[in-house]
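The chain contents come next:
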Amino acid sequence: MVKSGGSGVINCSTNCTHPSKGGLETSLDTIVLQDYPQWKLFMIFNVSQNSSMRCYFWCSGKLGSKRLNIGVFYPPKQVLLKLQPTRVAVGSPFTIECRVPSVAPLEGLTVTLLRSTEVLHSQTFEGTALSPQEAMVTYSAEAQLEDSSHNFSCQAKMDLRSRGVKVVDSVSDSQALEVFEPVQDNWMVIIVVVSVLLFLVTSVLLCFVFGQQGNHRRRGIHEVQAAWMRLRGTHPAQPA
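To keep things clear, this report deals only with the structure shown in the data block. (Residues numbered from 1 in each chain as written. Predicted model: local features only at pLDDT ≥ 70, side-chain atom pairs only at ≥ 80, totals over all residues. Heavy atoms only, no water.)

## Considerations on the sheet that holds strand β14 (residues 133-142)
Condition: Pairing between two strands requires that DSSP report at least two bridges joining them. Secondary structure elements follow DSSP: runs of H or I no shorter than four residues count as helices, runs of E no shorter than two count as strands, and numbering proceeds from the N terminus. Every angle, taken between N-to-C directions, lies between 0 and 180 degrees, and every axis is a line fitted to C-alpha atoms, over only the stretch in contact when it is a helix.
Read across the open sheet, the three strands follow the order β9-β11-β14; overall the sheet is antiparallel. Looking at which strands have only one partner, the edges of the open sheet turn out to be β9 (80-84) and β14. When the angles between neighbouring strand axes are averaged without regard to direction, this sheet yields 15°. Summarising the sheet, strand β11 (residues 93-103) and β14 pair through nine bridges and their orientation is antiparallel. Bridging from a neighbouring strand, Cys98 pairs with Val137 of β14.

## Comments concerning the pairing of strand β7 (residues 62-70)
Note: strand β6 (residues 51-59) against β7, nine bridges, orientation antiparallel. Looking across to β7, one finds that Met53 is bridged to Leu68. Hairpin connection of β6 to β7: two residues between the antiparallel strands, including Ser60 at a positive phi of 55°.

## Quick look at the state of the cysteines
Basically, it comes down to this: In this description, the term disulfide denotes a pair of cysteine sulfurs within 2.5 Å. A 1.4 Å probe rolled over the protein chains alone gives each residue an accessible area, and that area as a share of the maximum for its type sets the label: buried under 20%, exposed over 50%, partly exposed in between.
Taken as a whole and judged by the stated rule, the model has three disulfides. Across the disulfide, Cys98 is cross-linked to Cys154 (sulfur-sulfur distance 2.0 Å). Linking Cys98 and Cys154, the disulfide has an S-S dihedral of approximately -85° and is accordingly described as left-handed. Of this pair, Cys98 sits in strand β11 while Cys154 sits in strand β15 (residues 151-158), and the two are 56 residues apart along the sequence. Like Cys98, the residue Cys154 is buried in the burial classification. Looking at the protein, its bonded cysteines, counted consecutively from the start of the sequence, adopt the pairing 1-3, 2-4, 5-6.

What follows is the structure, given as structure tokens:
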């Protein structure tokens, strides 16, 4: 397999002692790197589609050949991460969406969702189609307050070592999730506290008012009694 638009090296060889002629038949752009009677080294480049080629040698008037199929793969060049929503209350759900456009084959592609270095979710795809397509992974979770101190990212890794290709990976830009405590809960606490304080203040004021009224009533009774005693003192009783 060859990366789309990339190049590769083809080695054609034979065990014939004295081949009369040899070469590589292909429709791809080719240059000869090494040329010896029993082996030849070619470079193919600008590979943009799946191709078939043939190495051949003439030996003692007989043609020997070997056919080779070249497949084009599209590595994960772009990884797009999206948080929905980007601002969420504690305990509320949010979704992480990761898209990897124009990738092929899906075989060996693993998409991993990360919170800092912690793996939240990982999915390995299957499929041998060589036409580029989009791979997408979604993951839902409940927001925690500590999520605000972490960045979220997505990694796409293509492992085609079984086909002679090195591991290729790509990582999205990091995104932050803003997590807040529900405002309405704070207001409810404030309302309850204020209500209790108002009740206590009102109770104290009522006690004070009723206490003052009681004092005034008792003071009035004492004054009436004193006036009556003074009146009796100024007018003594007549003898019978």
